[in-house]
Amino acid sequence: MNNEAVFKFRSISENEAFARMVVASFIAPYDPTIGELTDLKTVVSEAVTNAIIHGYDGKNDQWVYMTLLMEENVLTIEVRDEGIGMSDIEEAMQPLYTTKPEMERSGMGFTIMEHFMDAVEVTSVSTQGTTIRMSKHLASVQAECH
Amino acid sequence: MAFTVQAEIKKNVLLLRMQGELDHHATEKIREELLNLMEEHDITHLVLNLEELEFMDSSGLGLMLGRYKHLQKKNGSMIICAISEPVKRLFEMSGLFRIMIIESSEDQALMRLGVA
């Protein structure tokens, strides 16, 4: 069963939990393992947190966009903001790298996304925003016969 | 599920029993209170009981690493106990298991610090 859902929500930190619940609900019909569920909630939490604290620098009246796509047995998650963007994506994705050490950011967000997903792709344009697109093959989902 | 934490002080040991989901939103809410509590009671050791912590992301890692570094300067220690399966995955991948002391139960952790 293929499916797609699109959401937009305000850049408030309460919506980190909301986004996790959304992805958990979206994949519930596919009967994921507990491990898959935890991994997906974690990567969504990381991506949405990035949009809120880095993309929008804590401004809480902006929009975060999330698209969930299930095609065959591959889940693709896209989280997008229209915030400040990143000047050096490669540097930002290094383990332990953070621009906000004073906020006790661990700098592990992208490392976690790359570890828990099969593929992570980041595009960013300075002053226009950042898009994180990541996908994972769900072992528990049976591909439909054609 | 929202995040709640229950604190107990035994001499210079602060025991925190965490419940629910520890994300950026939750860490922002508790960080200052936690710092004040540790300051006021001159805490040198921290025990985190994670039995009922259902979820944690890199924001939680940041909070824990922050306290760990702070306690190290005071020659203190940080003990994690009763870790739940979902949180264990994050600890494994981030390498936190290598630097923090892990005990199977709260009693074990408190015994190790001599305040059981």
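Predicted model only: the values in this text are computed from it and were never measured.

The rules behind these values
- Residues numbered from 1 in each chain as written.
- Chains lettered and ligands numbered in written order.
- Predicted model: local features only at pLDDT ≥ 70, side-chain atom pairs only at ≥ 80, totals over all residues.
- Heavy atoms only, no water.
- Core = buried A, V, L, I, M, F, W, Y, C linked by side-chain atoms within 4.5 Å.
- Buried < 20%, exposed > 50% of the residue type's maximum accessible area, 1.4 Å probe, protein only.
- Helix = DSSP H or I, 4+ residues; strand = E, 2+ residues; numbered from the N terminus.
- Contact = heavy atoms within 4.5 Å.
- Pairing = 2+ DSSP bridges.
- Axes fitted to C-alpha atoms, helices over the stretch in contact; angles between N-to-C directions.
- Buried area = accessible area lost by both parts, 1.4 Å probe.
- Salt bridge = Lys/Arg side-chain N within 4 Å of Asp/Glu carboxyl O.
- Polar contact = N/O pair within 3.5 Å; in protein donor to acceptor, adjacent residues only side chain to side chain.
- Nonpolar A, V, L, I, M, F, W, Y, C, P; charged D, E, K, R; others polar.

Draft legend 1. Just the nonpolar core, in detail. Judged by nonpolar contacts, the single largest core of 66 residues is most densely connected at Ile77 of chain A together with Met64 of chain B. Sort the elements by how many residues they give to this core and helix α2 (residues 34-55) of chain A lands first, with eight residues. Those residues within four positions of Ile77 of chain A in sequence are excluded, and the remaining contacts are Val23, Leu40, Val43, Val44, Thr67, Leu68, Met117, Ile132, Arg133 and Met134 of chain A. Counting eight residues, the second largest nonpolar core, distinct from the first, contains Val13, Val47, Ala109 and Val115 of chain B.

Draft legend 2. Focus on the sheet that holds strand β1 (residues 4-10) of chain B. With respect to topology, five strands assemble into an open sheet ordered β1-β2-β3-β4-β5 (chain B), the strand pairing being mixed. Only two strands of the sheet have a single partner each, and these edge strands are β1 and β5 (101-103) of chain B. Taking the axes of each pair of neighbouring strands and ignoring which way they run, one obtains an average angle of 20 degrees across the sheet. Relative to strand β3 (residues 45-56) of chain B, strand β2 (residues 13-22) of chain B is paired through nine bridges, and the arrangement is parallel. Across the sheet, Arg17 of chain B pairs through a bridge with Asn49 of chain B, a residue of β3 of chain B. Contacts between α2 of chain A and the sheet are confined to β2 and β3 of chain B, with β3 of chain B contributing the most and set at about 105 degrees to the helix. Along the sheet, helix α1 (residues 24-40) of chain B contacts β1, β2 and β3 of chain B; its crossing angle with β2 of chain B, the most-contacted strand, is approximately 175 degrees.

Draft legend 3. Region of the structure containing the interface of chain A and chain B. Taken together, the contact between chain A and chain B spans 25 residues of the former and 22 residues of the latter. Together, the buried faces of chain A and chain B total about 1,900 Å²; carbon and sulfur atoms form 53% of this surface. Considering only the surface of chain A that becomes buried against chain B, Arg20, Glu104 and Ser106 of chain A emerge as the three largest contributors, covering 27% of it. Our count for the chain A to chain B interface comes out at six salt bridges. One salt bridge in this structure joins Lys41 of chain A and Glu21 of chain B, with 3.2 Å as the shortest N-O distance. At the boundary of chain A and chain B, one finds 13 residue pairs in polar contact (both at pLDDT 80 or more). At the level of secondary structure, the elements contributing two or more residues to the side of chain A that touches chain B comprise α1 (14-27), α2 and α4 (109-116) of chain A. For the side of chain A that touches chain B, the element with the highest residue contribution is α2 of chain A, accounting for ten residues. Residue composition of the side of chain A that touches chain B, by class: seven nonpolar, ten polar and eight charged.

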